[in-house]
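Listed below, chain by chain, are the residues.
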Amino acid sequence: MSSTSRSPHPGDCSVPVHVAIIMDGNGRWAREKGLPRHEGHRAGMKAVREAVEGAVESGVEILTLFAFSTENWQRPPDEISALMTLLQLYAEREGSELKEKGVEVRVLGERSRLAPGARAAVERIEDSTRGGEALQLNLMISYSGRAEIVRAVRTLARRVASGELDPDEVEASHVEGALYTTGLPDPDLLIRSSGELRLSNFMLWQLAYTEIHIAPVLWPDFTRKDFQRAVQEFDSRERRFGRVVSST
Ligand code: IPE
Ligand code: IPE
Ligand code: MG
């Protein structure tokens, strides 16, 4: 990884190293067409391909997609099982093409909660794409920012209880080291589709200084052009990280 936003430098932006996306609006897309919600999720898979293409074409190094939240387990069982089936299909069908493109896939979240078939398929796609150097694609599944932080706190509490870590020496880097995203730079740019203006429990730690782009389109209509638009707009942002950038 060529750069890290863990030691951010204020100033003008160029191409974001790490882009995260809250893929939202599948249900509304389906409703607008008089279709069941799962058809919206199915159509959303095409938009995932578009986002991956957009990221590779733009020179983005890491793409993190919010695919299924911890809270999404509270949706109706038939919608959850449709989503698990789609995840499995995506992992089974896309592996060879992603490998060819040099995309390395990782699944981050509570993978033990996934349906067994989906879990096996994501483990296969992780194995088969390992070492891809064009793009790291993180699929956040059964993930939420608060659950991730609680998990990190438990890890650190165990280290403190065992005497390995002094509580007074706990730093941000220890917390980062216990997150699913350990070793990755924070997202430079967050895109949320469907016009919603909230984080919905996504990457609460990592988004501290991330630039936000709200795309009005529903996720199934999201194309590589929308991705490129967000990246171009990012180019005009001035990031300050709480500091003063230029003297006036
Ligand atoms: C995003 O679309 C996909 C998931 C959360 C799994 P939604 O299913 O949230 O679609 P809307 O927001 O209801 O339109
Ligand atoms: C966020 O979307 C989760 C994913 C995109 C996976 P939601 O549709 O679940 O979020 P809310 O309920 O609108 O906040
Ligand atoms: Mg939604």
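Residues numbered from 1 in each chain as written. Chains lettered and ligands numbered in written order. Predicted model: local features only at pLDDT ≥ 70, side-chain atom pairs only at ≥ 80, totals over all residues. Heavy atoms only, no water.

Enquirer: Lay out the packing of aromatic side chains in plain terms, naming residues and giving numbers.
Expert: Taken as a whole, this structure holds seven aromatic pairs when the rule is applied. Ring plane angle 10° and centroid distance 4.4 Å describe the contact between Phe-66 and Phe-202, whose orientation is recorded as stacked. With Phe-66 in strand E3 (residues 62–69) and Phe-202 in the loop between strand E6 (189–192) and strand E7 (211–214), the pair connects residues that are 136 residues apart, well separated along the chain. Both residues of the pair, Phe-66 and Phe-202, count as buried. (Phe/Tyr/Trp six-rings, centres within 6.5 Å; stacked < 30°, edge-to-face > 60°. Helix = DSSP H or I, 4+ residues; strand = E, 2+ residues; numbered from the N terminus. Buried < 20%, exposed > 50% of the residue type's maximum accessible area, 1.4 Å probe, protein only.)

Enquirer: For the site of ligand 2, give the residues involved together with the corresponding values.
Expert: Around ligand 2, the surrounding shell consists of Ile-22, Met-23, Asp-24, Phe-66, Ala-67, Phe-68, Ser-69, Asn-72, Arg-75, Arg-192, Arg-198 and Ser-200. In the model, an oxygen atom of ligand 2 is placed 3.2 Å from a nitrogen or oxygen of the Asp-24 side chain. At a separation of 2.6 Å, an oxygen atom of ligand 2 approaches a polar side-chain atom of Ser-200. Among the elements that line the shell around ligand 2, the one with the most residues is E3, at four residues. Partitioning the shell around ligand 2 into residue classes produces five nonpolar, three polar and four charged. (Near = heavy atom within 4 Å. Polar contact = N/O pair within 3.5 Å; in protein donor to acceptor, adjacent residues only side chain to side chain. Nonpolar A, V, L, I, M, F, W, Y, C, P; charged D, E, K, R; others polar.)

Enquirer: Got a sec to walk through helix H4 (residues 116–129)? Specific residues and values, please.
Expert: The terminal C-alpha atoms of H4 lie 20 Å apart, and with 14 residues this matches the ideal 20 Å at 1.5 Å per residue to within 8%. Where H4 is buried, its residues contact helix H3 (77–101) and strand E4 (103–108). (Expected span 1.5 Å × (residues − 1). Contact = heavy atoms within 4.5 Å.)

Enquirer: Could you give an account of the packing of helix H2 (residues 37–58) against helix H7 (residues 224–235), with specific residues and numbers?
Expert: Between two packed helices, the angle of one axis relative to the other and the distance separating the axes together describe the packing. The N-to-C vectors of H2 and H7 enclose an angle of 45°; their axes lie 8 Å apart at closest approach. The orientation of H2 relative to H7 falls into the category oblique. In this structure, the crossing between H2 and H7 has a hand that is right-handed. Between H2 and H7, the residues in contact are Glu-50, Ala-51, Glu-53, Gly-54, Ala-55, Glu-57 and Ser-58 and Arg-224, Phe-227, Gln-228 and Val-231, respectively. Residues that form the contact of H2 with H7 fall into these classes: four nonpolar, three polar and four charged. (Axes fitted to C-alpha atoms, helices over the stretch in contact; angles between N-to-C directions. Parallel < 35°, antiparallel > 145°, perpendicular 65-115°, else oblique. Left-handed = near helix turned anticlockwise from the far one by under 90°.)

Enquirer: Lay out the site of ligand 1 with the relevant residues and their values.
Expert: Taken together, the neighbourhood of ligand 1 is formed by Met-23, Asp-24, Gly-25, Asn-26, Gly-27, Arg-28, Arg-37, His-41, Ala-67, Asn-72, Arg-75 and Leu-83. Taking Asp-24, its side chain carries an N or O atom lying 2.8 Å from an oxygen atom of ligand 1. In isolation ligand 1 exposes 380 Å². Once the protein is present, 87% of that is buried. Elements with a contribution of two residues or more to the shell around ligand 1: helix H1 (26–32) and H2. Broken down by element, the residue count for the shell around ligand 1 peaks at three residues, all from H1. The residue inventory of the shell around ligand 1, partitioned by class, reads three nonpolar, five polar and four charged. (Areas by Shrake-Rupley, 256 points an atom, 1.4 Å probe, with all protein chains shown as cover.)

Enquirer: So what's going on with unusual backbone geometry? Residues and values would help.
Expert: At Met-203, a position not held by glycine, the phi torsion is positive, near 40°. Note that Met-203 resides in the loop between E6 and E7. A positive phi angle is found at Phe-241, which is not glycine, with a value near 50°. Residue position: Phe-241 is located in the segment after strand E8 (238–239).

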